[in-house]
Structures are given as structure tokens and as C-alpha cells.
Amino acid sequence: MKESIPLTWRKIPDRYRLIGSVCKNCNGYYFPARHVCPKCRRKGKVESYQFSGRGRVFSFTEINAPPAGFEDQIPYVMAIVELTEGARCTAEIVDVLGKDVQIGDELEMVFRKIQSNDPEGLIHYGFKFKKVKR
Amino acid sequence: MRKVAIVGVGMTKFGEHWDRGFRDLVTEAGVKALEDAGMSGAEISAGYVGTMAAGSLIGQEHTGALIADYMGLNPIPITRVEGACASGSLALRQGLMAVASGMHDVVVVGGVEKMTDLDTAEVSEILGGAGDQEWELFLGATFPGLYAMMARRYMHDYKATSEMLASVAVKNHKHGSMNQFAQYQNEITIQDVLDSKMVADPLRILDCSPLTDGAAAVVLAPLDIAKKYTDTPIEIVASAQASDTIALHNRSSITGVKAAEIAAQAAYKQAGVSPSQIKVAEVHDCFTIAEIMAIEDLGFFPKGKGGEASLNGETQIGAKIPINTSGGLKAAGHPVGATGVKQAVELTWQLQGEAGKRQVSGADVGLSHNVGGSGATAVVHIYKRVN
């Protein structure tokens, strides 16, 4: 979907810096940011939190049928990343194919181009992950 | 609350209807349902229609009013409801609540989607909106990709195989071959599935439900007057709905659909039946892995055993629990908003003994399971033949 400039602009803290939320009442971590803690609701004390960017592969897939804007990237690997703090997010794992990835692999966040879905529009940047070399 | 019965059903053939539009399809299904109930339409006091994405797929919003107009039902109140791929079951549930509460007497419920007016890439992007647009799809995930991640984790945790997944598609094509309304009426083999093009590893094209045009409709009435319209009313004895996080990654487990499990438990309690009393079920097999999770979430098989059960043929007609006698979403097709209503149509035929070659013998209690997105909405209905 094409994104408007204001939409992209207001996503910058989350997409560029992995800023989400922590609830100081239950110590639950959330990404992207939330205004209401789903566990504590009105008793929650939600604050902004910058994630460390470290995590592990919870599950993954290699995409072969691309959505619009990703045609020249296939095949690429998408994963559910379990961040060290406990929250999870969906992101691409760069520089690998599906055969190189296993559930549990260690990851760290990298900053990359996500897509440019309009030749005259914005180039969208944000978080992706890469495997930590051991 | 009043007891409510289905007194008429109808559906179009599911498939690629290049010669027919949204309003043609939904009108055909609606007229068939009214004919089946022996009604002129004057008895109808309200309508509910499920459609996921008419605004994106054909540029048409306000579809409730459009349908009432073309069905000749003005000035009845008619309401469109949306819950992604579960839109049809949400419409059924709204109609049921309207009759049960006494707010309306005779209600028509429709489900419809016209999906083949755009190219596949555009339609895929629209369907992706059933997930979290900003935090899944925009970042590069696709809708099959989300189910692929469920499949990957499921196969990892329960040692399931691609053959087990494929067996679901093979069985549903076999059932679909006996259904004149199905999009695909050809049989396939496990090897066909394993040789088909990879979409999102481990899901191949033959693990995925297709893009489909189609519509389905049912007429609901209070049970105590149902015999006025049909000799074989089918009572809806339970209706339950649950929600979960919009994004898959926020769920503690992705090897099942928790909302479906919760809805199923609530439905069994309402109906006073156990999973072993269900004789036939229509479940949401948008991808093969989804059916395996569904038959576990519904309590037909223990967690982690659904794949093996499918491979062993336990979900075929004539076996332990016949699943998706219509061919399911995989073979009958998946016109998104129509699917939930089609499940009710198929189960009505089964419980009336009108399902022809695919009739399940002794079918007296049936269940439908309809899921929106990757599991953020789930709806379960239970149906009973009235003796």
C-alpha cells in the first residue's frame, strides 16, 4: 500500500529506532508502541522504551510470491523475531536465504531500505535483522 | 432469547465469473435462498451482508443498500458487517441475534465477494489487509507468509511434514470433486502438491485457497414458525465469536488459533454438545496448515496430531469426522465474504440429507469454523437437524 508522507513521518521513532512501550505495572514490553497495556488496561503505566535490537528467530518463511514493492527482492526471508525483552515483531532477515535460517538463531537489528513503492514518492527505511555471527 | 432456524439456503457456483458482477452474484444467491424458503420477499424484515473488501476490490462501499435495492427488498434495514475472511459468519451471527432477540422475525443473511476484476498482485495486497498493514504487510510479509510462519513453527514443534499438509489439499479436492458448486472439481495427489510452485516456504500454491467470485445466502426465522417455510428447518444451536491480536507476532502461540479455541468452547457449552457429537464440520482451510490447526482447536484431535490424522484419512467423508465436505476453501473456493455463509449452506444441505454424492450418513449435528486474518477473529456455529 502506498504510504502518505505524514504516515511515514509519524512512524519514524518506531521504524528507525525500534521504540516501543513498556508497562511499569506488569513489566510487559510492547512493539510497536501502545497507549494501553493489554494486560493491565487502566491500571497500566505505559512508558516509551527503546529496544536493544537483539533477539532470536521465533519462526520464519522465505517469500517467493512478492507483494507490490518487493518484486525485485525475491526470494527474501521474513521472520517473527522474539526480542530479548520479550516482545515480538515481524521483520526481514537480510543477507540469507531460507536454508540458512533456523528457529532460535540469534539476530541483531540493522537499518535498511524497506521499500519504495512509488518512483516519485518516498523511499521508506526502517528496521530489519541480520544473523549474529558466532 | 428465541430459538432460530435456517429455513432457506442458496449459493452461486464458486469460481471465476468474468461475465458477472458483484450484484449479479449476490442477487442470484439471495433469490435462490428465498425460493428455497418459499417466500416472495415480503416476509423479510431485515438483512445482513458480509463482504470483506468490496471497496478495494470493486470500488463499491455501501453494499448493504446496493443489495437491498437489487434484491427488491427496499425499504428493509440492511447492514454490512466486516471481519476479514470471517465476514460471512459475522453476518450470520448478526442475523441470528436479530431474530433471537425478537428485534426482527424473518431475516436474510448474505455473503459475497467479487475478486477477479483486479490482477492477482493487487488482490493479494488487499487481502493482506486482514493482517496488520503497518507492522506485518508493509515490512514485507504476505498473507501466505504469515500462515507459512505458523506452519514452520507447527512443523518444528510437532514434527509435522509437508506430506501431512498436502494431504489436506488432496482430501478437499476429493470432496470438491463431488460438489457442483466448487471452483475446482478435479482430484489431485500429494505429489502434485509437493511439486507445485513455492509461495512462502513451506507453503506451495496447492496449499493455498484460490481467488474466487461467489455469493451465498440463508434465510433465518424463529424456530416456532420455521415449518411455515420448510419441512426441514435447521436450528442454529450455538453462535460464538472471539478476537485476538491483529498481528500474528503478538500471540503467545502461533501453532493454533486461540480465538477459535475460545469460540469453540463457548459454542459447545451453548449447544450442550461435545466435539465427538459433531458429525460433519466446515472449517477455515485458507491454507492447509489452517485446517490442521482448526481440527485441533475444535477438539476433534489432540494438539499436534491433526497432521497425522489428515494423512491417515480420518477427516474424509465416511471416516472419523468428515471435514469440509464442500471441498473447503481450498477446492470449493474462497470468495472471502461469502465463505462463512457458504459453510452454513453446506451444513444445511448435509443436515437435511440433501448433499448428494458427498452426503455424510447420519449427519444430525454440524459445526462451522470461520477465521478472519491470521486468527484475530474466529466464529463458530453449531447446527442441528430438527426432529
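Above this text is the structure in question.
Presented here is a report on the structure given in the accompanying data block.

What counts, and where the lines are drawn
- Residues numbered from 1 in each chain as written.
- Chains lettered and ligands numbered in written order.
- Predicted model: local features only at pLDDT ≥ 70, side-chain atom pairs only at ≥ 80, totals over all residues.
- Helix = DSSP H or I, 4+ residues; strand = E, 2+ residues; numbered from the N terminus.
- Contact = placed C-beta atoms within 7 Å.
- Nonpolar A, V, L, I, M, F, W, Y, C, P; charged D, E, K, R; others polar.
- Buried ≥ 20, exposed ≤ 12 C-beta atoms within 10 Å, placed from the backbone.
- Arc of directions from axis to C-beta.

A look at the overall build of chain A
Phase 1 of the analysis: Of the regular secondary structure elements, chain A holds 2 helices and 8 strands.
Phase 2 of the analysis: For chain A, the C-alpha atoms occupy an extent of roughly 45 × 40 × 20 Å along the three principal directions.
Phase 3 of the analysis: By sequence separation, contacts in chain A at least 24 residues apart represent 47% of the contacts at least 6 residues apart.

Some remarks on the interface of chain B and chain A
Phase 1 of the analysis: Each partner contributes to the interface: chain B provides 29 residues, whereas chain A provides 23 residues.
Phase 2 of the analysis: Listing elements by their share of the side of chain B that touches chain A, those giving two or more residues are α5 (120-128), α6 (133-137), α7 (143-158) and β5 (198-200) of chain B.
Phase 3 of the analysis: The leading source of residues in the side of chain B that touches chain A is α7 of chain B, at 7 residues.
Phase 4 of the analysis: Classifying every residue of the side of chain B that touches chain A by side-chain character gives 15 nonpolar, 9 polar and 5 charged.

Details of unusual backbone geometry
Phase 1 of the analysis: The residue after F31 of chain A, namely P32 of chain A, is reached through a cis peptide bond having omega -5°.
Phase 2 of the analysis: Its place among the elements puts P32 of chain A in the loop between β2 (28-30) and β3 (46-50).
Phase 3 of the analysis: A positive phi angle, near 55°, is found at K159 of chain B, a position not held by glycine.
Phase 4 of the analysis: In this structure, K159 of chain B sits in the loop between α7 and α8 (162-176).
Phase 5 of the analysis: Take K159 of chain B: there are 11 C-beta atoms within 10 Å of it, and that puts it in the exposed class.
Phase 6 of the analysis: With a phi close to 55°, N324 of chain B is a non-glycine residue in the positive phi region.
Phase 7 of the analysis: Tracing the sequence through the fold places N324 of chain B in the loop between α12 (306-311) and α13 (328-332).
Phase 8 of the analysis: With 32 C-beta atoms counted inside 10 Å, the residue N324 of chain B sits in the buried group.

Thoughts on α5 of chain B
Structurally, the α-helix is built with 3.6 residues per turn, so residues lying three or four positions apart point the same way.
Residue and element names in this part refer to chain B.
Phase 1 of the analysis: Turning to α5, its buried residues are S124, L127 and G128. For α5, the angular spread of the buried residues around the axis is 105°, confining them to a single face.
Phase 2 of the analysis: Residues of α5 that are buried in the fold lie against α6 and α7.

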